[in-house]
Amino acid sequence: MMHQRNVTYLEIPDQKRTALKHWFYKLIWGNIGDGLLEGSGVIAGGGDNGMLTLYSVAHILSPGKEPVIAQRQKHTGAVRALDFNPFQGNLLASGASDSEIFIWDLNNLNVPRTPGSKSQQPPEDIKALAWNRQVQHILSSAHPSGKAVVWDLRKNEPIIKVSDHSNRMHSSGLAWHPDIATQLVLCSEDDRFPVIQLWDLRFASSPLKVLESHSRGILSVSWSQADAELLLSSAKDNQILCWNLGSNEVVYKLPTQSSWCFDVQWCPRDPPVFSAASFDGWIRLYSVMGRSWEVQQMRQADKISSFFSKGQPLPPLQVPEQGAQASLIPPLKNPPKWLRRPAGVSFAFGGKLVTFGLPSTPAHQMPQPCLRLVFISQVITESELLRRSAELQEALESGNLLNYCQNKIEQTSLQSEKMLWQFLKVTLEEDSRMKFLKLLGYSKDEFQKKVAAGLKSDLGLGETPQGRPKGDDLHSNRQQAFCSQTSEHITEEASASSSFFDELVPQNMTPWEIPITEGTLILRERNALCGSRWAQSSWT
């Protein structure tokens, strides 16, 4: 029978079962966009007798239809390696014993092609096959001797071979880097050398990195397509580890299982989810986002309790503290790439804009380690406002405020604006009191003349035919007359005194009002200038 799909605690029911005549060493699900498979894809299986069988998923799920769409027995031994081309879904690579590798075109399965002559002498089993994730005509194969052969299908020949010089590697799996076309990983199933090696074909004399945390041979590896820093591995020590290739450390570790997990695969649609197939006949689904076994265990406990409750709730389950802590699955130490914010923006004071985002340069061309840059730019929406603000700032810093005010007087066309800037300028000049009076229309000399004329008129002083009084006599007479007149005028001629001062105001000036609806920048300029001056002024 086809491998039963059971998932721990989630109880996903079987959609369909199909009887098989042979054992399968490898199953893989592919998609083709030509309408042949009705949109559900195709399942390819490699049998123990060298048979390659193709199943239509749509036919498996539909009653009354034959699920097998093609069978070909071209290999002489068990088919242990299969992989669909990520660029051309109709191309399927298969590997078996005796170093046999075939490239199948699902549109024409009659004559498969080979990537080249058998390069491995003596012939070996093909343990794993993988298409390059960046270059569609590059294929790699892994062999038990620890070697990996990279094939170029355009030339039908191997272009490079990589192997560990210690001859202790027994390759069981390989995977290409999702972003960097020249890098791949190999894993060893030898219990004496359970390592994962990262190779770069540009420097194929030795591996770039060696990952060592498993205690027994490694059975499979899977590279996350959503985050190139995450790599899954399963081994004979009943452990599943998730590696961060940037820091070379284990960032996620599953609790020990009851049996070996011979295959792990990332979910192509849900980035944190991965599957693990073990020899106990179970396929389990996990997430690297930090969920614990306690949630799943409580669901199972509630289900069991429902059979024994008899309408009454059972007492709460007391879980030993040590066992509860051991069941926790820790989350990733750092957020994965699919959770990272790809870009961000924030406005700052003074029209500054702070941004960050993904670089436009492809990841494989970025220097390592990759620098994360934050950009600060100046956003200009009103260039005129910015220019005037810069002029004001320059005047405040240089202290040349008189020229600044004079320029504003010359540039302003409104009379009210001119008056405001003239008053601001006067506050910055010497002898500002007298200049304020002059700006208001008063003249010191004219004021003295009008006061003298007013006093002369109020005191009723005149010249006699014999001549004017002179000197002290005139002064004393004026004082006596002024005092007597003042006492009389206190009650009788208050209005006449008020009209006297009204006559001192220049009669040819139009009433002037200070506008209060000016722009923010103008008010800011005046406040800055007045504040700077008034802070130093001694007059009130």
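Residues numbered from 1 in each chain as written. Predicted model: local features only at pLDDT ≥ 70, side-chain atom pairs only at ≥ 80, totals over all residues. Heavy atoms only, no water.

UniProt, in its Sequence similarities (unreviewed entry) section for the chain, records the words "Belongs to the WD repeat SEC31 family." Under Subcellular location (unreviewed entry), UniProt gives the following word-for-word description of the chain: "Endoplasmic reticulum". (UniProt positions renumbered as here; feature names shortened; annotations may be inferred.)

### Structural notes on the sheet that holds strand S3 (residues 51–56)
Spatially, 4 strands are ordered S1-S2-S3-S4 in an open sheet, and the strand pairing comes out antiparallel. Because the sheet does not close on itself, it has two edges, and the strands there are strand S1 (24–30) and strand S4 (68–73). Between one strand axis and the next, the sheet turns by 15° as a mean value, whatever way the strands run. As paired strands, S3 and S4 are joined by 5 bridges and run antiparallel to one another. What sits directly across from leucine 54, in S4, is alanine 70. (Pairing = 2+ DSSP bridges. Helix = DSSP H or I, 4+ residues; strand = E, 2+ residues; numbered from the N terminus. Axes fitted to C-alpha atoms, helices over the stretch in contact; angles between N-to-C directions.)

### Things to note about the packing of aromatic side chains
The geometry of an aromatic ring pair comes down to the distance between the two centres and the angle between the two planes. Taken as a whole, this structure holds 9 aromatic pairs when the rule is applied. Taking the centre distance of 6.3 Å and the plane angle of 75° together, the rings of phenylalanine 24 and tyrosine 55 count as edge-to-face. Linking phenylalanine 24 in strand S1 with tyrosine 55 in strand S3, this pair joins segments that are 31 residues apart in sequence. By relative accessible area, which is 4% here, tyrosine 55 ends up buried. Within the aromatic cluster, the residues linked to one another by ring pairs are Tyr252, Trp266, Phe274 and Tyr286. Over the face of the ring belonging to tyrosine 25 we find arginine 80, whose NZ or CZ atom lies 4.4 Å from the ring centre. (Phe/Tyr/Trp six-rings, centres within 6.5 Å; stacked < 30°, edge-to-face > 60°. Buried < 20%, exposed > 50% of the residue type's maximum accessible area, 1.4 Å probe, protein only. Lys NZ or Arg CZ within 6 Å of the ring centre and 35° of its normal.)

### Points about the sheet that holds strand S5 (residues 81–84)
Ordered in space as S5-S6-S7-S8, the 4 strands form an open sheet in which the pairing is antiparallel. Two strands close off the open sheet at either side, each with one partner strand: S5 and strand S8 (108–113). Each adjacent strand pair in this sheet contributes to an overall mean axis angle of 25°, direction not counted. Where strand S6 (residues 91–95) lies against strand S7 (residues 101–105), 5 bridges are found, and the strand directions are antiparallel. Along S7, the bridge assignment pairs leucine 91 with aspartate 105.

### Observations concerning helix H5 (residues 401–411)
Among all positions in H5, only Leu401, Tyr404, Cys405, Lys408 and Ile409 are buried. Projected down its long axis, H5 shows its buried positions confined to an angular sector of 140°, all on one face. With respect to the buried face of H5, the exposed residues turned more than 90 degrees away are Glu410 and Gln411. (Arc of directions from axis to C-beta.)

### Some details on the pattern of salt bridges
According to the stated counting rule, one finds 10 salt bridges in the structure shown. Here lysine 127 ties to glutamate 189 by a salt bridge, and the two come within 3.9 Å at their closest N and O atoms. Residue lysine 127 is found in the loop between S8 and strand S9 (128–131), and its partner glutamate 189 is found in the loop between strand S14 (183–188) and strand S15 (196–200); the two are separated by 62 residues along the sequence. For glutamate 189, a relative accessible area of 23% gives the class partly exposed. A salt bridge links arginine 192 to aspartate 190, with the shortest nitrogen-to-oxygen separation between them at 3.2 Å. (Salt bridge = Lys/Arg side-chain N within 4 Å of Asp/Glu carboxyl O.)

### Topic: unusual backbone geometry
We note that asparagine 156 has phi near 55°; this positive angle belongs to a residue other than glycine. Tracing the chain through its elements places asparagine 156 in the loop between strand S11 (148–152) and strand S12 (157–162).

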